[in-house]
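As a plain string of letters, each chain reads:
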Amino acid sequence: MASDVPDRIVAGRATDRRGDESPFALGLLLRRAHWHAAAVMGEALRPLGIELRHFAVLIVLVNQGPMMQRDLAAETGSDKAGIMRIVDDLERKGLAVRKAVPGDRRARAVHVTPQGVELFDAAHVAAKPLAERLAAELGPGESERLADLLARLVYPGGAEA
């Protein structure tokens, strides 16, 4: 029976541990790093009354200006129902508002409010010591190098969105 099985190379089991040579290793490490970074940044946002998903939308609105919900969904990697809930939350908190789009009486664009900009700025102040803690195991210049490498993975060829 064993002779019926073709010879093949058996790959090691995929892990997220240092030295894993599996083709899945990088993706698994990136996933674990995301979870860790999200937990740390969530800690900075919690006292401000928002979650990372809310902050992701504020980042887009502050940097790109008013936007249709469908475009916000695409920019944040959310689905239509998810982005609607997030915008509803932001509206309840006074951080964003939906406004009619001139020329299209059914369309609404999401705008950040002055309170939303204030919270956005406060989040950066609150996150600074936690970001330093996040990078504590890295040596001089390694945090910047890691950010550069990740940006190159996310935006191949320098095609930043």
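These notes cover the structure that comes with them. In this text, all values refer to a predicted model and were calculated from it rather than measured experimentally. (Residues numbered from 1 in each chain as written. Predicted model: local features only at pLDDT ≥ 70, side-chain atom pairs only at ≥ 80, totals over all residues. Heavy atoms only, no water.)

**Description of the packing of aromatic side chains**
This structure, assessed with the given rule, holds one aromatic pair. An angle of 20° between the planes, with centres 5.4 Å apart, marks the rings of Phe55 and Phe120 as stacked. With Phe55 in helix α2 (residues 52-64) and Phe120 in helix α5 (residues 114-134), the pair connects residues that are 65 residues apart, well separated along the chain. Here Phe55 falls in the buried class, since its relative accessible area comes to 12%. (Phe/Tyr/Trp six-rings, centres within 6.5 Å; stacked < 30°, edge-to-face > 60°. Helix = DSSP H or I, 4+ residues; strand = E, 2+ residues; numbered from the N terminus. Buried < 20%, exposed > 50% of the residue type's maximum accessible area, 1.4 Å probe, protein only.)

**Here's the deal with the sheet that holds strand β3 (residues 104-112)**
Spatially, the three strands line up as an open sheet ordered β1-β3-β2, and their pairing is antiparallel. Among the strands making up the open sheet, the edge pair consists of β1 (67-68) and β2 (96-101). For β2 and β3, the ladder comprises six bridges, and the chain directions are antiparallel. Bridge pairing in β3 links Ala96 to Val112. (Pairing = 2+ DSSP bridges.)

**Let's talk about the pattern of salt bridges**
A pair can form between side chains of opposite charge whenever their charged atoms are brought close. A full pass over the atoms with the stated rule returns nine salt bridges. Two residues, Asp88 and Arg98, come together in a salt bridge whose shortest N-O distance is 2.8 Å. Separated by 10 residues along the polypeptide, Asp88 in helix α4 (residues 80-92) and Arg98 in strand β2 bring together distant segments of the chain. By relative accessible area, which is 25% here, Asp88 ends up partly exposed. Here Lys128 makes a salt bridge to Glu132, at a shortest N to O gap of 3.5 Å. Taken as a pair, Lys128 and Glu132 lie in helix α5 at a separation of four residues, close to a single helical turn. Given a relative accessible area of 53%, Lys128 falls into the exposed group. Residue classification places Glu132 among the partly exposed positions, given a relative accessible area of 48%. (Salt bridge = Lys/Arg side-chain N within 4 Å of Asp/Glu carboxyl O.)

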